[in-house]
Amino acid sequence: MGDWEWPLILFTILGQIAIGIILMLWWLDRKGNHLDSQFFKQGVYVSGALLMVALLASLFHLGHPEAAYRALAHLGSSWLSREILLFLLTFLAWIYLFLQSRHLTVSRVLESSTSTTATAETAAGGHLTGRRSLGLGITALLGLMGIVSSAMIYVLPRVPAWNNVGPVLFFLLTTGLLGALCTLVLGQKSLITSQKKFLLQFALGCTIASLLTFSIYASMLSGSVEGTASLNFLLNSPLFWIRALLGWLAPLLLLVSILKNPQADKATLILTVTLLASLGEVLGRALFYLSATGIQITALF
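### Here's the deal with the overall build of the protein
Right, on to step 1. Of regular secondary structure, the protein possesses nine helices and zero strands.
Right, on to step 2. When the helices and strands of the protein are placed in sequence order, the string is α-α-α-α-α-α-α-α-α.
Right, on to step 3. For the protein, with 301 residues in total, the buried portion stands at 47%.
Right, on to step 4. Carbon together with sulfur atoms contributes 70% to the accessible area of the protein, which is approximately 14,100 Å² in total.

### Some details on the packing of aromatic side chains
Right, on to step 1. For the structure on display, the rule yields 16 aromatic pairs.
Right, on to step 2. Aromatic pair F214 and W248: ring centres 5.4 Å apart, planes at 40 degrees, arrangement tilted. Here F214, found in helix α6 (residues 193–221), pairs with W248, found in helix α8 (residues 238–260); they are 34 residues apart in sequence, far enough to count as distant.
Right, on to step 3. Aromatic side chains F288 and Y289 sit 5.0 Å apart centroid to centroid with 75 degrees between the ring planes, which places their arrangement in the edge-to-face category. Across this residue pair, the class does not change: F288 and Y289 are buried.

### Some details on the packing of α8 against helix α9 (residues 266–290)
Right, on to step 1. Packing of α8 against α9 brings their axes to within 8 Å, and their N-to-C directions diverge by 155 degrees. As far as their axial angle goes, α9 and α8 are roughly antiparallel. When the axes of α8 and α9 are compared, the crossing they make is left-handed.
Right, on to step 2. Its residues assigned to classes, the contact of α8 with α9 shows 18 nonpolar, four polar and three charged.

### Considerations on the nonpolar core
Within soluble globular proteins, side chains that are nonpolar tend to cluster in buried spots.
Right, on to step 1. In terms of nonpolar packing, the biggest core is built from 56 residues, with Y154, L177, L181, L199 and L255 touching the most fellow members.
Right, on to step 2. Elements supplying a minimum of two residues to this core: α1 (6–30), α2 (37–59), α3 (79–113), α4 (118–152), α5 (166–186), α6, α8 and α9.
Right, on to step 3. Looking at this core element by element, the count peaks at 14 residues for α1.
Right, on to step 4. Grouped together as the second largest cluster of nonpolar side chains are 14 residues, A218, L221, F240 and L287 included.

### Topic: the pattern of salt bridges
A side chain of one charge can pair with a side chain of the opposite charge when the charged atoms of the two come close.
Right, on to step 1. Scanning the entire structure with this criterion turns up two salt bridges.
Right, on to step 2. The salt bridge partner of R243 is E281, with a shortest N-O separation of 3.1 Å. Here E281 lies in helix α9 and R243 lies in helix α8, a separation of 38 residues in the sequence. Of the two residues, R243 and E281, neither departs from the other in class, the shared state being buried.

### Thoughts on the side chain of D29
Right, on to step 1. Secondary-structure assignment places D29 in helix α1.
Right, on to step 2. You can call D29 buried: its relative accessible area is 2%.
Right, on to step 3. At 2.7 Å, the side chain of D29 forms a polar contact with the side chain of R132.

### Focus: α8
Right, on to step 1. Helix length check: α8 (23 residues) gives 32 Å between terminal C-alpha atoms against 33 Å at 1.5 Å per residue, within 8%.
Right, on to step 2. Along α8, the sharpest change in direction is near 35 degrees and occurs at L245.
Right, on to step 3. Packing partners of the buried residues in α8 comprise α5, α6, α7 (225–235) and α9.

### A word on the environment of D36
Right, on to step 1. The residue D36 is located in the loop between α1 and α2 in this model.
Right, on to step 2. Judged by its relative accessible area of 38%, D36 falls in the partly exposed class.
Right, on to step 3. When the C-alpha positions of D36 and L191 are compared, they lie 8.0 Å apart, and in sequence the two are 155 residues distant.

### Some words on the confidence of the model for the protein
Right, on to step 1. Taken as a whole, the protein shows an average pLDDT of 84; of its residues, 81% reach a score of 70 or greater.
Right, on to step 2. In this model residues 115–124 is a low-confidence stretch, pLDDT under 50, and it forms four contacts with partners more than four residues away in sequence or in other chains.
Right, on to step 3. In the predicted structure, residues 293–301 sits below a pLDDT of 50 and forms 41 contacts with residues beyond four places in sequence or in another chain.

### Structural notes on the packing of α1 against α2
Right, on to step 1. Contact geometry for α1 and α2: axes closest at 8 Å, N-to-C directions at 160 degrees. By the angle between their directions, the pair α1 and α2 is classed as roughly antiparallel. α2 is crossed by α1, and the crossing has left-handed handedness. Each of P7, L10, F11, L14, G15, I17, A18, I21, I22 and L25 in α1 lies in contact with α2, whose residues at this interface are F39, G43, V44, V46, S47, L50, L51, V53, A54, L55, A57 and S58.

Basis of the calculations
Residues numbered from 1 in each chain as written. Predicted model: local features only at pLDDT ≥ 70, side-chain atom pairs only at ≥ 80, totals over all residues. Heavy atoms only, no water. Helix = DSSP H or I, 4+ residues; strand = E, 2+ residues; numbered from the N terminus. Buried < 20%, exposed > 50% of the residue type's maximum accessible area, 1.4 Å probe, protein only. Areas by Shrake-Rupley, 256 points an atom, 1.4 Å probe, with all protein chains shown as cover. Phe/Tyr/Trp six-rings, centres within 6.5 Å; stacked < 30°, edge-to-face > 60°. Axes fitted to C-alpha atoms, helices over the stretch in contact; angles between N-to-C directions. Parallel < 35°, antiparallel > 145°, perpendicular 65-115°, else oblique. Left-handed = near helix turned anticlockwise from the far one by under 90°. Nonpolar A, V, L, I, M, F, W, Y, C, P; charged D, E, K, R; others polar. Core = buried A, V, L, I, M, F, W, Y, C linked by side-chain atoms within 4.5 Å. Salt bridge = Lys/Arg side-chain N within 4 Å of Asp/Glu carboxyl O. Polar contact = N/O pair within 3.5 Å; in protein donor to acceptor, adjacent residues only side chain to side chain. Expected span 1.5 Å × (residues − 1). Bend = angle between axes of the 7 residues up to and from the residue. Contact = heavy atoms within 4.5 Å. pLDDT = per-residue confidence, 0-100.

Here it is, written out as structure tokens:
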């Protein structure tokens with residue numbers, strides 16, 4: 001049996017939440033409902049903090065963190081090298097978003113402090129908004145490429161239960177689910193009703209897709225000795241059933257309830273479903289590593 005691998009759990013989960021928030025900010029911004037500058041700033045700060053913690057956590061998995069830069073020497077053959085490069089580029093792109101959030105704040109202050117230059121300030125604000133949307137898109141794209149690279153590290157011929165598209169799908173679904181929910185939590189006072197509804201529906205779709213994808217994946221595992229051993233390990237583990245309850249069943253019921261009942265205390269319910277889904281994803285990622293019992297007995301979760 002494998003280990004909990006906390007550095008990798010923190011790196012992958014926190015990194016995916018950070019990219020998910022940026023992706024949701026970009027999607028909402030491009031729909032024409034320009035984001036409130038304060039909300040944009042808050043989203044950038046939170047995603048950046050999560051990304052920095054994720055990168056720091058990844059160093060603790062290395063035997064010699066000070067030599068991490070050497071991994072960049074194998075970009076042509078190593079998904080690990082590509083992962084490191086893409087996440088570093090994502091962080092550099094995030095710095096641009098950080099600067100944009102500062103410029104937008106200054107622009108708002110200037111716009112509110114004078115009426116004689118209102119037209120000029122509005123034009124400048126629109127220019128900054130366009131650059132902001134472009135920055136969000138580039139950062140999200142680099143981050144998604146980094147997440148795919150992270151997943152491809154585990155697609156190994158010597159590990160039959162991982163040697164498929166499963167790791168990529170589950171990593172991306174985690175990004176979408178937790179990114180949408182965390183964006184909802186951050187934007188409770190700033191997002192309009194249609195934006196909140198979109199994020200709720202997106203989170204619900206990711207939850208359903210994750211459950212269905214795992215069901216299909218589990219049926220595929222029974223086709224090999226290694227896969228059957230992996231599936232048996234999962235189904236016999238109490239952590240799996242806790243993960244299923246927290247990460248699939250509870251979020252599914254709560255999200256449907258929020259969407260169907262406009263009078264519900266949405267702020268409390270959204271925070272609850274975000275915490276439950278996050279715990280579920282952490283347990284799922286832990287099972288990912290715990291189930292790696294050698295090169296024959298492994299599992300994707």
